[in-house]
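The lines below spell out each chain.
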Amino acid sequence: MSIDLRNIEKNRAKKGFTFTNALNKEISLGRKEFPDKKKEELYSELGILIGSGLDIKSSFLVLIEENNKKTRQFYENVYNQLITGVSLSNALSSTGKISTYEYHTIRIGEETGNLVVILRQLTQHFSESIKQKRQLINTFSYPILVISTAVVVVLFMMNFIIPMFEELFKRFNGQLPALTRTVIAISKFISHYLWVMLVLLATTGATIFSVRKSESFRRITSDFVLKVPGVGIIIQKAYLAKFCQTFSLLNSSSIPIVTSVQLIQKIIGFYPFEVALTQIEKDLVNGKLLHESFREYAIFDGKLISLTKVGEEVNKLNEIFENLSKQYSEEVQHKVSVLNTVLEPILIIFIGLFVAVILISMYLPMFQMSNTMF
């Protein structure tokens, strides 16, 4: 079957790179999509109801009764479409709350009579997506919180505590230690130019926000993220898991490989994958095998390339990619756990040393004065 990708292309120009939306958002067919958690609940409950023997319309009546006002409005809109004879895929798509590949996989499920199977696969897909999102949030939220707290504490000390010590030291005519003079000089600089630094920070943030959708910015930030020790490999594995999971879902829905690559390229949300998949699509059209195209791009690792070659030879790409998705997800979970274990003591030690240097620099003159007195 043919798939119209024009709606995706229109939305693609609006997309920029950020950690959160790159990892968790997909291109919608119109208005803002449902969160992944809502989609997981939708497909899970719908799959259970239809699998138990209810027809689609009756299933949505049940969903309408058991959901809150905001979600109920969505289900009512879908139900109103269904009673006019519209298919489930078109009814969901008309709300603008689902992505293009969801629409086409559900449509394939309707046409092949495997709708319950497709709904279960979509449930698993969003369950894994939520799990990866939580893992990454847990990894990055702690260091961001600690660093932010440390910055606030240091700025407070530099602007209020150190000037108090400086006034105290002025009462003594002795020569201050070099470390103390350096810290006091830094404190004066921050006090005098704090607003300038804040303006520069705000200007930098506004500039980044304005250019975040540009191709050059997305390329630079993506390359930088992938080169960060510890973080880069997690980002790569997370996107490989997402790629394999989505490819497996599309392939199991009997969507052709070229079309699957087209859809994933539009919804993957990460620049290196978008560039690679654009060329891979052309290679496939020209008769090149999938694993041969993967070899041209470092974003695809050796395991993926080798197992893709096996999958093409035995015609079991769906099973291969499903297993790869699970493996990559487990690797991400393990590496996130290791990174959390390593980051916590490093941050504590670093911040502790920084604060210790400030305190020592302030108390060092007092130690010297007490020694001279005795």
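Scroll up for the structure.
Right, let's walk through the structure included here. (Residues numbered from 1 in each chain as written. Predicted model: local features only at pLDDT ≥ 70, side-chain atom pairs only at ≥ 80, totals over all residues. Heavy atoms only, no water.)

## Side note on the side chain of N318
Note on placement: N318 falls in helix 16 (residues 317-373). The contacts of N318, once residues within four sequence positions are left out, are S248, N251 and S252. (Helix = DSSP H or I, 4+ residues; strand = E, 2+ residues; numbered from the N terminus. Contact = heavy atoms within 4.5 Å.)

## Some thoughts on the environment of I48
One can find I48 in helix 3 (residues 36-51). Between the alpha carbons of I48 and S59 there is a distance of 9.2 Å; along the sequence they are eleven residues apart.

## Structural notes on the pattern of salt bridges
According to the stated counting rule, one finds nine salt bridges in the structure shown. K303 is the salt-bridge partner of E331, the closest N and O atoms lying 2.6 Å from each other. A residue pair is termed long-range when its members are at least 10 positions apart, and E331 in helix 16 and K303 in helix 15 (residues 302-314) qualify at 28 residues. Connected through shared salt-bridge partners, K237, D301, K303 and E331 make up one network. (Salt bridge = Lys/Arg side-chain N within 4 Å of Asp/Glu carboxyl O.)

## What to know about the nonpolar core
Counting residues in each nonpolar core, the largest one holds 68 residues, and the members touching the most others are F60, F243 and F300. Counting residues per element, this core draws most heavily on helix 11 (residues 231-252), at twelve residues. Excluding its chain neighbours within four sequence positions, the residues that come into contact with F60 are L46, Y75, V78, Y79, L82, L88 and L92. If you look at the next biggest cluster of nonpolar residues, it comprises eleven residues, including V183, I190, I358 and M362. (Core = buried A, V, L, I, M, F, W, Y, C linked by side-chain atoms within 4.5 Å. Buried < 20%, exposed > 50% of the residue type's maximum accessible area, 1.4 Å probe, protein only.)

## Re the environment of I320
Among the structural elements, I320 can be located in helix 16. Separated by twelve residues in sequence, I320 and T308 place their C-alpha atoms 7.1 Å apart. Leave out the neighbours within four places in its chain, and I320 touches L307, T308 and G311.

## Considerations on helix 3
Compared with the 22 Å implied by 1.5 Å per residue over 16 residues, the 22 Å span of helix 3 between its first and last C-alpha is a close match. For helix 3, the complete set of buried residues consists of D36, K39, E40, L42, Y43, L46, G47, L49 and I50. At the C-terminal side of helix 3, G53 shows a positive phi close to 115°. (Expected span 1.5 Å × (residues − 1).)

## Looking at a nonpolar patch on the surface
Residues F189, Y193, V196, M197 and L200 make up a contiguous nonpolar surface patch of roughly 470 Å² in combined accessible area. As for its placement among the helices and strands, V196 is situated in helix 9 (residues 178-211). (Patch = residues over 30% accessible without salt bridge, like charges linked within 9 Å, V, L, I, M, F, W, Y side chains within 5 Å. Areas by Shrake-Rupley, 256 points an atom, 1.4 Å probe, with all protein chains shown as cover.)

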